[in-house]
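Residues per chain are reported as follows:
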Amino acid sequence: MRTTRVVVGTIGVVVGAFGVWLLLSRQDVDQLVDAAVWLAAGVILHDGVLAIATLLIGALVLPLLPRAARAPAVVGFVVLGSVTLLAVPVLGRFGARPDNVTLLDRDYVVGWVALAAVIVVTVIVASVLRSRAGGAHGPRPGGRRRPHRA
Amino acid sequence: MRALPIRLPAETDFRSRLRSAAVTARVGTWLGICFTICFATGLISHYAQNVSQPIPFPTNPSWGYRVTQGLHVVTGTAAVPLLLVKLWTVYPRLFIRPPKNARRLLLEVLERGSIAVLVAGAIFQLASGLANSAQWYPWTFSFRATHYAIAWITIGALVVHIAVKLPIIRGALTSDVEDTAYDRPTATEDGPISRRGLLRTTWLAGGVAVLVTAGSTVPMLRRVSVFGVRSGDGPAGIPINKSAAAARVAPAATSSAYRLTVAYGEQEVSMTRGELLAMDQSSESLPIACVEGWSASGTWTGVRVRALLDLVDAPPGSEVRVVSLQESGPYRQTVLQGNFADDDRTLLALSLNSEPLALDHGYPARLIAPNRPGVLQTKWVSRLEVAA
């Protein structure tokens, strides 16, 4: 196992080093600086903004919901949140061009509202069904009323 | 009085037992599969766009590039929820205090460094790829060169990461998802859903991500793909990427002075569009498959490129320089490799789906070849040239 790991790790280092060479050898310094800014910005925005926003929603919003609604709400949040994030380029229509009507040719905001409505209705229906089932599928055996923590 | 509770959290502050290596390893497996497909199909796309191809890029199957590039964008899109959930499960590790022992500190720095590269690369690839698929370029670097280089860096960092974590990955994947063997000691609190529930939620999010975007390349999903970059509409039922207005070709393309010139060394033949229409016409059903991931199939009618090359006695296997009426731009001139030029399905198309080619589709004449990136299917063709 140890040998395998060393061999695999070495292959990874070589492959990555090839990528670094590709990156550094084909563009001028201004472009590389811009690429570095984008690389760093992704990590900072995730670790410093998105992750913390998710923590806050979990800590502040989740305890306000009825217990039967918490699990469906988490599922709905993960689906709608991640899909909304990946739809940012189309929702903002940043690449739209007046000379090309075939590009970004949908009403993405209406699409988002429709998707969000489907998810919210599903979450509500699931919550009502769970609450009628009398907590048989409750989130916590024993039903301690502790606020959810990160 | 208590001090304000604002301080950097410690790893032990995170109590949810959902943030477990048992979840990380399972989501990570599918994320690794998505990244591997993205990398392989990305290499194919990069090679297909290379001018020099020591091993000729195949002309078969004609829909090959449509599938590989569609998969590239679909798996990249599905990877977004997977990456977000995976990062969520390991977020507490960001706050582990560094060890004091110098040797262990060095190992820790190396491991964290490789993870920083992996996370930065993964986020960069997904974000830049999604922006590119919506034709949004809010940066100054070259998308193709940078996305390609960082793909190698990210895959390298992923392989290193797998090597480092192999014992945990193996252990976690061979035991039950609720097993606590690899959990942090403080991660004991039940979450609002179970670990299995979180995994199912993640697969669901990945599936929804695909459904709401893939309509740009899978026609049967067009109605549900509310975030599809293109609905599939356009002149003659096919969307366009670069318009005649953007390429500034309209005056030259509609001028009665337009001639297609075919040249082989000193030999040259020039033809009007009418003369091209008078030649033997062939029809082929071929997809236009863009590097941005959208694609659509159409029936193209026009003259076989090989028949045009025969007019100037260009030998079989000749590489053809295809020149557009565009005055500038990286794709004003493209190279059509010999195996593509000789393929019977490679046409200088004059009409699409029984309508004369629209100006935005490349009127008066455009290249269409099987299994080729759309960016190389040159529009507004003015010259086909074989070096003597």
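1. Topic: unusual backbone geometry
Residue and element names in this part refer to chain B. In this chain, Asn-60 is followed by Pro-61 through a cis amide linkage whose omega measures -15 degrees. Mapped onto the elements of the fold, Pro-61 is located in the loop between α1 (21–49) and α2 (64–90). In this structure, the amide linkage connecting Tyr-363 to the following residue, Pro-364, adopts the cis form with an omega of 10 degrees. Here Pro-364 shows up in the loop between β8 (355–356) and β9 (366–368). Although it is not a glycine, Asn-353 sits at a positive phi angle of roughly 50 degrees. Along the chain, the position of Asn-353 falls in the loop between β7 (347–352) and β8. On the neighbour-count criterion, Asn-353 (15 C-beta atoms within 10 Å) is partly exposed.

2. Quick look at the interface of chain B and chain A
Contacts between chain B and chain A engage 69 residues on the former and 62 residues on the latter. Taken together, the elements giving at least two residues each to the side of chain B that touches chain A come down to α2, α3 (102–133), α4 (143–174), α5 (195–211) and α6 (244–247) of chain B. Counting residues per element, the side of chain B that touches chain A draws most heavily on α4 of chain B, which supplies 16 residues. Grouping the amino acids of the side of chain B that touches chain A by side-chain chemistry returns 50 nonpolar, 14 polar and five charged.

3. Re the domain arrangement of chain A
You can read the domains of chain A as domain 1 (26–64) and domain 2 (67–140). With centres defined by C-alpha atoms, the gap from domain 1 of chain A to domain 2 of chain A works out at 22 Å.

4. Quick word on the domain arrangement of chain B
It is common to give the size of an interface as the accessible area that goes away when the parts come together. All names here are of chain B. Here chain B is described as being made up of domain 1 (11–221) and domain 2 (237–386). On a C-alpha basis, the centres of domain 1 and domain 2 stand 39 Å from each other. With 25 residues of domain 1 at the contact, the number on the domain 2 side is 20 residues. Per element, the largest residue contribution to the side of domain 1 that touches domain 2 is seven residues, and it comes from α2. Looking at side-chain class alone, the side of domain 1 that touches domain 2 contains nine nonpolar, 15 polar and one charged residues.

5. Overview of α5 of chain B
With 17 residues, α5 of chain B ought to run about 24 Å at 1.5 Å a step, and its terminal C-alpha atoms sit 24 Å apart, in line with that. For α5 of chain B, every residue scored as buried is listed here: Arg-195, Leu-198, Thr-201, Thr-202, Ala-205, Gly-206, Val-208 and Ala-209 of chain B. On an axial view of α5 of chain B, the arc spanned by its buried residues comes to 165 degrees, and they lie on one face. Where α5 of chain B is buried, its residues touch α3 (67–86) of chain A together with α1 and α2 of chain B.

6. Things to note about the confidence of the model for chain B
In this model, chain B carries a mean pLDDT of 94, and residues with pLDDT of at least 70 account for 99%. As a predicted assembly, this complex carries a pTM of 0.93 together with an ipTM value of 0.92.

7. Things to note about the packing of α3 of chain A against helix α5 (residues 108–132) of chain A
The geometry of a pair of packed helices is captured by two quantities: the angle between their axes and the separation between those axes. Residues and elements named next belong to chain A. Interaxial distance between α3 and α5 falls to 8 Å at its minimum, and their mutual angle equals 165 degrees. Here α3 lies roughly antiparallel to α5, going by the angle between them. In this structure, α3 crosses over α5, and the sense of that crossing is right-handed. Side by side, α3 and α5 meet where Ala-68, Ala-69, Pro-72, Ala-73, Gly-76, Val-79, Leu-80, Val-83 and Thr-84 of the first sit next to Trp-112, Leu-115, Ala-116, Ile-119, Val-120, Thr-122, Val-123, Ala-126, Ser-127, Arg-130 and Ser-131 of the second. The residue makeup of the contact of α3 with α5, split by class, is 14 nonpolar, five polar and one charged.

Rules behind the numbers
Residues numbered from 1 in each chain as written. Chains lettered and ligands numbered in written order. Predicted model: local features only at pLDDT ≥ 70, side-chain atom pairs only at ≥ 80, totals over all residues. Helix = DSSP H or I, 4+ residues; strand = E, 2+ residues; numbered from the N terminus. Buried ≥ 20, exposed ≤ 12 C-beta atoms within 10 Å, placed from the backbone. Contact = placed C-beta atoms within 7 Å. Nonpolar A, V, L, I, M, F, W, Y, C, P; charged D, E, K, R; others polar. Domains from an automatic or database assignment. Expected span 1.5 Å × (residues − 1). Arc of directions from axis to C-beta. pLDDT = per-residue confidence, 0-100. Axes fitted to C-alpha atoms, helices over the stretch in contact; angles between N-to-C directions. Parallel < 35°, antiparallel > 145°, perpendicular 65-115°, else oblique. Left-handed = near helix turned anticlockwise from the far one by under 90°.

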